[in-house]
Amino acid sequence: MKATRFHRHGGPEVLQYEEVPDPEPSSDEALVRVKACALNHLDIWARNGLPRVAIPLPHISGSDISGIVEWVPPEEQMFRKGDEVVVNPGFGCGRCDRCLSGRDNQCRDYRIIGYGVDGGYAELVKVRRTHLIRRPEGMGWVEAASFPLVFETAYHMLVTKARAGPGDTVLVLAASSGVGSAAVQMAKVLGARVIATAGDPEKMEKAARLGADFTIDHYKQDVIAEVKKLTEDRGADVVVEHVGKATWDVSLKALAKGGRIVTCGATTGSDAATDLRYVFSRELTVYGSYMAGMGELLEVVELFRQGRLKTVVDSEYPLQEASEAQKRMESSAHFGKIVLKV
Ligand SMILES: [Zn+2]
């Protein structure tokens, strides 16, 4: 098969489109012919290389996959060759207390397809067959690849962790990112009031169209002052944080007393300073969030089936141009998901 992979860590130039051996699935797995695969920041981190994380080389990235079942073992009951699917990107051992209580993302053996395990920047990918999900009706291949990781993350952050609901004001940082554009919508589904930040007027307008009640230009405006203005000086009840070092201090200080901050990433760096006085004197709660359980992804799929969420696709690239696609992600010019068509 053809795949785009890297043999060494480095910039986008290390990605090579080349002939590679077809994956050989075990009886626990299915083979999926990839139709589309969305990019995530995880792909950039894996490509750059991370201290203390060993990525087996050469490596095929790509965690968000839609495609057609090419092969399943004879004992598979639910899916057959030719079925149109999306793939749950994360998987645990399936046997431990965490996995069995729906917290597979806390499993000691939790892995993500395309991050240490070969993923969807390829014509074929092998995946756990229990991780196949039927493609929601009416959803195109590109759209189907664009939602699993970011929407399950937004669900886990806002529903499972922060328990946001009506009466809450939710501040979503960088609404133009995949997670941000999903979190704006998820917070609205939950009945919250949403303030979104974005980096220019066009992105602010797009965030408003996704449902944000108010938008803030995070380069030109004082985010804390604007949030205070919009909340009668209280602050936000929930902050959705994924930017990291560049915004962490502002995010904490934008919270109301008793507020909850939930973080799922640190694209600008992870060594952020925390003013602990804010945390204890204002009784703040900090939640970490990493992916989600399979059950949560199925809840997300149901919300798409009901038409209550919509995918946000920025751009499409052919698999051969994965390096161009990653350059676009690194330039932060995008709004929503960048997707490879295979
Ligand atoms: Zn487990």
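Our subject in this report is the structure included herewith. (Residues numbered from 1 in each chain as written. Predicted model: local features only at pLDDT ≥ 70, side-chain atom pairs only at ≥ 80, totals over all residues. Heavy atoms only, no water.)

**Let's talk about the coordination of the zinc ion**
- Only C93 (SG), C96 (SG), C99 (SG) and C107 (SG) from the protein reach the zinc ion as donors, at distances of 2.3 to 2.4 Å.
- Taken together, the four donor atoms coordinating the zinc ion span angles of 104 to 116 degrees at the metal, a pattern that classifies the geometry as tetrahedral. (Donors = N, O, S within 2.8 Å, 3.2 Å for Na, K, Ca; no water. Tetrahedral: all angles 85-135°; square planar, octahedral: opposite > 155°, others 65-115°.)

**Quick notes on the state of the cysteines**
- Following the criterion strictly, the structure yields zero disulfides and no others.
- Free of any disulfide, C264 has its nearest neighbouring cysteine sulfur in C37, separated by 19 Å. (Disulfide = S-S within 2.5 Å.)

**Overview of the side chain of T247**
- Secondary-structure assignment places T247 in the loop between β14 (236-241) and α8 (248-253).
- By relative accessible area, which is 16% here, T247 ends up buried.
- Apart from the residues within four sequence positions on either side, T247 is in contact with L173 and E241. (Helix = DSSP H or I, 4+ residues; strand = E, 2+ residues; numbered from the N terminus. Buried < 20%, exposed > 50% of the residue type's maximum accessible area, 1.4 Å probe, protein only. Contact = heavy atoms within 4.5 Å.)

**Some words on the environment of R260**
- Here R260 lies in strand β15 (residues 255-263).
- There is a polar contact of 3.1 Å between the side chain of R260 and the side chain of D168. (Polar contact = N/O pair within 3.5 Å; in protein donor to acceptor, adjacent residues only side chain to side chain.)

**Topic: the packing of aromatic side chains**
- The full count for this structure, using the stated rule, is three aromatic pairs.
- Note on F147 and F304: the rings are 4.7 Å apart at their centroids and 45 degrees apart in plane angle, and the pair reads as tilted. Here the residue F147 occupies a position in the loop between α3 (141-146) and α4 (148-161), and F304 occupies one in helix α10 (residues 294-305), the gap between them amounting to 157 residues. When sorted by exposure, F147 lands in the same class as F304, which is buried.
- With centroids separated by 4.9 Å and ring planes inclined at 75 degrees, the aromatic side chains of F151 and F304 adopt a geometry described as edge-to-face. Placement of the pair is F151 in helix α4 and F304 in helix α10, with a sequence separation of 153 residues. For the pair formed by F151 and F304, the shared burial category is buried.
- Each member of the aromatic cluster is reached from another via a ring pair, and the members are F147, F151 and F304. (Phe/Tyr/Trp six-rings, centres within 6.5 Å; stacked < 30°, edge-to-face > 60°.)

**Description of the nonpolar core**
- Core analysis: the largest hydrophobic core is formed by 47 residues, its most contacted members being Y121, L132 and L340.
- For this core, the element with the highest residue contribution is strand β3 (residues 29-38), accounting for five residues.
- Discounting chain neighbours no more than four positions away, the residues touching Y121 are A3, T4, C37, L39, D43, I60, S61, G62, L319, A322, Q326 and L340.
- The next biggest cluster of nonpolar side chains, apart from the first, holds 41 residues, and it includes A187, A192, A212 and V300. (Core = buried A, V, L, I, M, F, W, Y, C linked by side-chain atoms within 4.5 Å.)

**Considerations on the side chain of E18**
- When you line up the elements, E18 lands in strand β2 (residues 15-19).
- Polar side-chain contacts of E18 include one of 2.5 Å to the side chain of R5.
- Polar contacts involving the side chain of E18 include one to the side chain of H7, which spans 2.7 Å.
- Not counting residues up to four positions away in its chain, the partners in contact with E18 are M1, K2, A3, R5 and H7.

**Focus on the environment of H7**
- You can see H7 is positioned in the loop between β1 (2-6) and β2.
- Given the relative accessible area of 36%, H7 is considered partly exposed.
- For the pair H7 and I60, spaced 53 residues apart in the sequence, the C-alpha separation amounts to 9.4 Å.
- Apart from residues lying up to four places away in sequence, H7 is in contact with V14, Q16, E18, L57 and P58.

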